[in-house]
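# Overview (structure and organization)
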Amino acid sequence: FFFRVGAFDADSEAEKNLQAECKRLYRSEEHRRLAYRAAAESMVMIKNEGRFLPLERAKIKKVCVLGPNADFQHTMISGRNLRQCGGSGAILAGREPTPLAVAYERFGAENVSTKFEDAHAADVVFYFGGFNHYSDREVLGGAQTPADRSDIRLDHQQLVELQQLAAYTRRVVVAITTGAPVQCDPWIEGVNAAFVTWYAGEEGGNA
């Protein structure tokens with residue numbers, strides 16, 4: 001309403017110049033770099049067994065990319081509505097490459113697998129787990145069914161998959177998308193490295 005009635009319209013030359021500069025920078029390369037920096041620097045490493053990371057890129061030929069957030073877009077760019085993408089925190093990104101799309105770009109599609117039977121042969125397995133805005137939210141006003149998370153564990157399917165990976169290989173890096181605390185035991189014992197990435201925005205996949 002306030003935008004429609006002009007409440008935020010510039011009423012001085014200085015404000016007009018500032019708005020013009022903001023419009024010029026909107027979704028610019030400078031903003032993309034800032035979004036990347038925010039995503040990368042906000043991640044929290046919670047495990048790095050035996051200094052498994054950083055990886056030696058020259059030695060990584062075959063990778064396995066798994067998990068429910070490997071090819072999932074969290075912003076409204078995917079066509080989901082505001083409530084499905086975080087409510088008042090939802091954004092309509094200019095871009096949102098998923099981790100899987102980035103893996104195809106960085107390693108070549110022929111070197112990337114999304115199949116669990118390939119995990120044992122991969123140089124490294126990236127597992128993108130955690131939550132999305134369907135499950136990681138507060139109860140919605142007027143909703144019939146409470147939307148709060150019932151506990152802080154990963155869902156059963158993810159726990160099973162991480163247990164399977166621990167039996168296949170010890171070269172696993174996990175990235176957890178979440179906006180709240182997550183119980184990490186017992187799955188964290190079976191992986192080499194793990195991060196909490198939060199909801200990382202449009203450059204989260206690249207980061």
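Located above this text is the structure these notes cover.
Cut-offs applied
- Residues numbered from 1 in each chain as written.
- Predicted model: local features only at pLDDT ≥ 70, side-chain atom pairs only at ≥ 80, totals over all residues.
- Heavy atoms only, no water.
- Helix = DSSP H or I, 4+ residues; strand = E, 2+ residues; numbered from the N terminus.
- Buried < 20%, exposed > 50% of the residue type's maximum accessible area, 1.4 Å probe, protein only.
- Contact = heavy atoms within 4.5 Å.
- Areas by Shrake-Rupley, 256 points an atom, 1.4 Å probe, with all protein chains shown as cover.
- Lys, Arg positive; Asp, Glu negative; His and termini not counted.
- Charge placed at Lys NZ, Arg CZ, Asp CG, Glu CD.
- Salt bridge = Lys/Arg side-chain N within 4 Å of Asp/Glu carboxyl O.
- Core = buried A, V, L, I, M, F, W, Y, C linked by side-chain atoms within 4.5 Å.
- Pairing = 2+ DSSP bridges.
- Axes fitted to C-alpha atoms, helices over the stretch in contact; angles between N-to-C directions.

Assigned secondary structure in the chain consists of 4 helices and 6 strands. Element order for the chain, N to C, with α for helix and β for strand: α-α-β-β-α-β-β-α-β-β. If one aligns the C-alpha atoms of the chain with their principal axes, the spans along those axes are about 65 × 45 × 30 Å. Residues classed as buried in the chain amount to 37% of the 207 residues present. For the chain, the share of sequence-separated contacts (at least 6 apart) that also reach a separation of at least 24 residues comes to 70%. Working note: accessible area of the chain is about 12,700 Å², and carbon and sulfur atoms make up 54% of it. In the chain, which carries 24 positive and 27 negative side-chain charges, the distance between the mean positions of the two groups comes to 3 Å.

Per the counting criterion, the structure on display carries 10 salt bridges. Three or more residues joined by partner-sharing salt bridges are found here, namely Glu29, Arg32, Arg33 and Glu203.

Formed by 19 residues in total, the largest nonpolar core has its most connected members in Val125, Leu165, Val174 and Trp187. Of all the elements, strand β5 (residues 172–177) adds the most residues to this core, at 3 residues. When near neighbours in sequence (up to four residues on either side) are disregarded, Val174 contacts Tyr127, Leu162, Trp187, Val191, Ala193, Ala194 and Phe195. With 17 residues, the next largest nonpolar core counts Phe52, Val65, Phe107 and Ala175 among its residues.

Further remarks concern the sheet that holds strand β4 (residues 124–130). Taken in spatial order, the 6 strands of this open sheet run β1-β6-β5-β4-β2-β3, and their pairing is mixed. Across the chains shown, the open sheet's two edge strands, defined by having one partner strand only, are β1 (44–48) and β3 (112–113). Relative to strand β6 (residues 193–196), β1 is paired through 4 bridges, and the arrangement is antiparallel. Paired with Val44 across the strands is Val196, a residue of β6. Its contacts with the sheet place helix α4 (residues 156–168) against β2 (63–66), β4 and β5, and it is angled at close to 165° to β4.

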